[in-house]
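Listed here are the chains, written in short residue letters.
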Amino acid sequence: MAKKQKYYVVWEGNTPGIYDSWEHCQREIKGYPNAKFQSFSSLEQARKAYKDPSSVRESKKSKKTYYYVVWHGHQPGIYTNWNDVLKQIKGFPKAIYKTFGSKKLAEQAFQEHPDKYKDGDYKKTKDLSSEELEKIGRPIELSLAVDAACNGKGDFEYQGVWTYSKETIFKVGPYKKGSNNIGEFLALVHALAFLNGHKDPKMKKMPIYSDSKIAMGWVRGKICKTNKKPIPEVHNLILRAEKWLRNNSFSNPILKWETKVWGEIPADFGRK
């Protein structure tokens, strides 16, 4: 059954408007504090809501609270209101601040040096119980992390970086008429081929991190189960990746990157 079309209204974001894909909507709200948006099942509903926001009933779902850490500002501290943050950073030379989804992580970050958090995105983090945190643990530093990025037109690219240093090992694309899931799948297979192409036995057992459960499942099944109809160039890439999976064995653990605890995966393109 075909997935029902949805339309996304962005009232407050990088570029307010109506978008016909979640990927495009994400680009307009990522990095925008307190972005305001909502999905609708028809274009007519979306147009009406965009024109008259007051006609839209508030969602019963509680709004996520963000914690803003200001290390360097007029008054360093942790804030939950973006307007309060603006007062602390406006006019302050080289202000340093960051957004967190987890209160505990924000409190920890405030006590530590901001350089430790300057390259990551921690908006998706959340507070978990001590048991949950202990079970998840910390990421394995000696590992490879992969990720993909895709715009609303289906143009995608992917890359792999060393988890501990964030040094880029490979970056491929962009290609047209694909999807984020296709990019995630190709990134994982590329990482496997890269690591297993080395003579060092340690590389053949090095963990690979991905934040895509779908791509991880495709790799386990050795087939890209996309519903998209990619252009020949992308289709050939998929066929080559599937062939590699069929003809090669590997011992590298493919692990899920725990975004809710660790923040965005190191290979993230930073465009969501």
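Residue numbers here run from 1 along each chain, matching the order of that chain's written sequence. At least 70 in pLDDT is required for a residue's local features to be given in this predicted model, at least 80 for side-chain atom pairs to be given and counted, and no such filter applies to totals for whole chains, interfaces and linings, which use all residues. Processing note: side-chain calculations cover all non-hydrogen atoms of the structure and skip hydrogens and water entirely.

Draft legend 1. Highlighting the overall build of the protein chain. Counting from the N terminus, the helices are DSSP H or I runs at least four residues long and the strands are E runs at least two residues long. Secondary structure summary: the protein chain contains nine helices and 11 strands in total. Every radius of gyration here is taken over C-alpha atoms, with the globule rule written as 2.2 Å times N^0.38, N being the number of residues. Relative to a compact globule of 272 residues, whose C-alpha radius of gyration would be 19 Å, the protein chain shows 21 Å and is just as compact. Along the first, second and third principal axes, the C-alpha set of the protein chain runs to 55 × 50 × 35 Å. A buried classification covers 42% of the 272 residues belonging to the protein chain. A sequence separation of at least 24 residues applies to 61% of the contacts in the protein chain between residues at least 6 apart. To measure how exposed things are, a 1.4 Å probe is used in the Shrake-Rupley method; for residues, cover is taken only from the protein chains shown. Carbon and sulfur atoms provide 49% of the accessible area of the protein chain, an area that totals close to 16600 Å². The centroid of the 49 positive side-chain charges in the protein chain is displaced by 5 Å from the centroid of its 30 negative side-chain charges. Burial classes: relative accessible area under 20% of the type maximum marks a residue as buried, over 50% as exposed, and values in between as partly exposed (1.4 Å probe, protein chains only). Contacts: residue pairs with any heavy atoms within 4.5 Å of one another. Counting rule applied: Lys, Arg positive; Asp, Glu negative; His and chain ends not counted. Where a charge lies is defined by one atom per residue type, namely NZ (Lys), CZ (Arg), CG (Asp) and CD (Glu).

Draft legend 2. Quick look at the sheet that holds strand E7 (residues 144-150). At least two DSSP bridges between two strands are needed for those strands to be called paired. The five strands lie next to each other as E9-E8-E7-E10-E11, forming an open sheet whose pairing is mixed. The sheet terminates laterally at strand E9 (168-175) and strand E11 (254-256), the two strands that pair on one side only. Geometrically, the sheet is characterised by an average inter-axis angle of 20° between neighbouring strands, direction not taken into account. In this analysis, axes come from line fits to C-alpha atoms, helices being fitted only over the stretch in contact, and the angle between any two N-to-C directions falls in the range 0 to 180 degrees. Contacting strand E10 (208-210) and E11, helix H7 (residues 213-221) crosses the sheet at an angle of about 160° to E11.

Draft legend 3. Spatial organisation of unusual backbone geometry. Residue Gly-173 is joined to Pro-174 through a cis peptide bond whose omega torsion reads 10°. Tracing the backbone through its elements, the reader meets Pro-174 in strand E9. A positive phi angle is found at Lys-94, which is not glycine, with a value near 55°. Mapped onto the secondary structure, Lys-94 falls in the loop between helix H3 (82-89) and strand E6 (96-100). Taking the relative accessible area as the measure of exposure, Lys-94 reaches 77% and is therefore exposed. If you check the backbone angles, Lys-222 has positive phi at about 65° while not being a glycine. Position of Lys-222 relative to the elements: it lies in the loop between H7 and helix H8 (232-247).

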